[in-house]
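Structure at a glance
Residues per chain are reported as follows:
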Amino acid sequence: MAHLYCQVSGQGPALLLLHGLGSSSRDWELQVPSFSEHFTVLAPDLRGHGRSPSAKGRNSIPLMATDVAGLLESNGFSKAAIIGLSMGGMVAMQLALDQPGLVDRLVLVNCSAEVPLDTIRKRIQYWQRRLALSLFGMRGVGILLAPRLFPHPHQADLRRTFKQRWRLNNRRNYRKALEAVVSWSVADRLSEIRCPTLVVSAEHDYLPLALKVALANGIPGARLALVSGSHHGLPVEHPQVFNRLALDFVAAP
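As a starting point, this report considers the structure included with it. Here the structure is a predicted model, which means the values were calculated and not measured.

Calculation rules
- Residues numbered from 1 in each chain as written.
- Predicted model: local features only at pLDDT ≥ 70, side-chain atom pairs only at ≥ 80, totals over all residues.
- Heavy atoms only, no water.
- Axes fitted to C-alpha atoms, helices over the stretch in contact; angles between N-to-C directions.
- Helix = DSSP H or I, 4+ residues; strand = E, 2+ residues; numbered from the N terminus.
- Parallel < 35°, antiparallel > 145°, perpendicular 65-115°, else oblique.
- Left-handed = near helix turned anticlockwise from the far one by under 90°.
- Contact = heavy atoms within 4.5 Å.
- Nonpolar A, V, L, I, M, F, W, Y, C, P; charged D, E, K, R; others polar.
- Patch = residues over 30% accessible without salt bridge, like charges linked within 9 Å, V, L, I, M, F, W, Y side chains within 5 Å.
- Areas by Shrake-Rupley, 256 points an atom, 1.4 Å probe, with all protein chains shown as cover.
- Salt bridge = Lys/Arg side-chain N within 4 Å of Asp/Glu carboxyl O.
- Buried < 20%, exposed > 50% of the residue type's maximum accessible area, 1.4 Å probe, protein only.
- Phe/Tyr/Trp six-rings, centres within 6.5 Å; stacked < 30°, edge-to-face > 60°.
- Polar contact = N/O pair within 3.5 Å; in protein donor to acceptor, adjacent residues only side chain to side chain.
- Core = buried A, V, L, I, M, F, W, Y, C linked by side-chain atoms within 4.5 Å.

What follows deals with the packing of helix H4 (residues 120-149) against helix H6 (residues 171-182). Taken N-terminus to C-terminus, the directions of H4 and H6 make an angle of 135°; their axes are 11 Å apart at the nearest point. On the basis of their axis angle, the class for H4 and H6 is oblique. Once H4 is placed against H6, the crossing between them reads as right-handed. Of the residues in H6, those in contact with Tyr126, Arg129, Arg130, Leu133, Ser134, Phe136, Gly137, Met138, Val141 and Leu145 of H4 are Arg171, Tyr174, Arg175, Leu178, Glu179 and Val182. Taken together, the residues that form the contact of H4 with H6 break down as nine nonpolar, two polar and five charged.

Next up, the structure:
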């Protein structure tokens, strides 16, 4: 188990925010002030990301889930609501399966139960990312991905910010996390998740909507919310809309 760097804010029940691949707790800066009015917000840097220790050996989604369980316990919480973006949603699902008693509610944002490389397009996109990483490091990954997250001309500042943040990641750690994502699946175990779950999809996410529909259909009682005009970086792109949607769900009686 890795000891994670974590920002803790506010008071009340625990709300855990799990970032996506190649990112860090900084990605939640537009959520923490609002959420911490109602919760004790824990925003960690996952294993091999940000200010947390580098991943030794292979990384995996189950390992990251174990780290997160230890984080909750070390901060004195026996249960938490969890909001996970992309890879962070995968970690949240894994935790809900491995230690269901720790998870009160789930908000799964722009993620799926697996990322199968089952089409030529998906395989090309995966190897584009691996090639950019190999040739140009994290700078190349930022150049490749930023326009997919924030494609509009008025989002130039967001693209610049995220390119800078990705460059702070270690190339080797990013590759390990990427391999962890594409080798992971809980598609055949979704019916075991019993906590209230909200699946949130951006209208123009690069992960197909069909994967989110399958996720929501597979988890008993889960519902799907589609946010129009948004992309993969939804919480940063449309923070007010996202914050209200997420808070209404995690704070519901």
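On to a nonpolar patch on the surface, then. Residues Leu209, Val213, Leu224 and Leu226 make up a contiguous nonpolar surface patch of roughly 310 Å² in combined accessible area. For the nonpolar patch, the secondary-structure elements that each account for two or more residues are helix H7 (209-218) and strand S7 (223-227). A relative accessible area of 40% places Leu209 in the partly exposed class.

To continue, consider unusual backbone geometry. Positive phi, normally seen in glycine, also occurs at Ser86, with a value near 55°. Positionally, Ser86 belongs in the loop between strand S4 (80-85) and helix H3 (87-98). The phi dihedral of Asn110 falls on the positive side, at around 50°, and the residue is not glycine. By the secondary structure assignment, Asn110 is in the loop between strand S5 (103-109) and H4.

Our next topic: the packing of aromatic side chains. Any two aromatic rings considered together are summarised by their centre-to-centre distance and by the angle between their planes. The tally for this structure, following the rule as stated, stands at three aromatic pairs. Note on Phe150 and Phe162: the rings are 5.1 Å apart at their centroids and 50° apart in plane angle, and the pair reads as tilted. Remark: Phe162 occurs in helix H5 (residues 156-166) and Phe150 occurs in the loop between H4 and H5; sequence separation between them is twelve residues. Both rings, one in Phe162 and one in Trp166, keep their centres 6.0 Å apart while their planes meet at 65°; by these two values the pair is edge-to-face. One end of the pair, Phe162, and the other, Trp166, are both in helix H5, four residues apart, so they sit about a helical turn from each other. We classify Trp166 as buried; its relative accessible area is 3%. By the ring-pair criterion, three or more aromatic residues cluster together here, those being Phe150, Phe162 and Trp166.

Moving on, we get to the side chain of Ser36. If you trace the backbone, Ser36 turns up in the loop between helix H1 (32-35) and strand S3 (40-44). Residue Ser36 is classed as buried on the basis of its relative accessible area, which comes to 18%. Engagement of the side chain of Ser36 in a polar contact is seen with the backbone oxygen of Val32, the distance being 2.8 Å. Apart from the residues lying within four places of it in its own chain, the contact partners of Ser36 are Ser9, Gly10, Gln11 and Val41.

This part covers the nonpolar core. Counting residues in hydrophobic clusters, the biggest one holds 60 residues, and the most contacted among them are Met93, Leu95, Leu106, Ile193 and Leu215. Of all the elements, H3 adds the most residues to this core, at eight residues. Setting aside its immediate chain neighbours within four residues, Met93 contacts Leu108, Cys111, Ser112, Ala113, Trp184, Val186, Leu190, Ile193 and Leu215. Counting residues in each nonpolar core, the second largest holds 23 residues, with Leu15, Trp28, Ala43 and Ala225 among its members.

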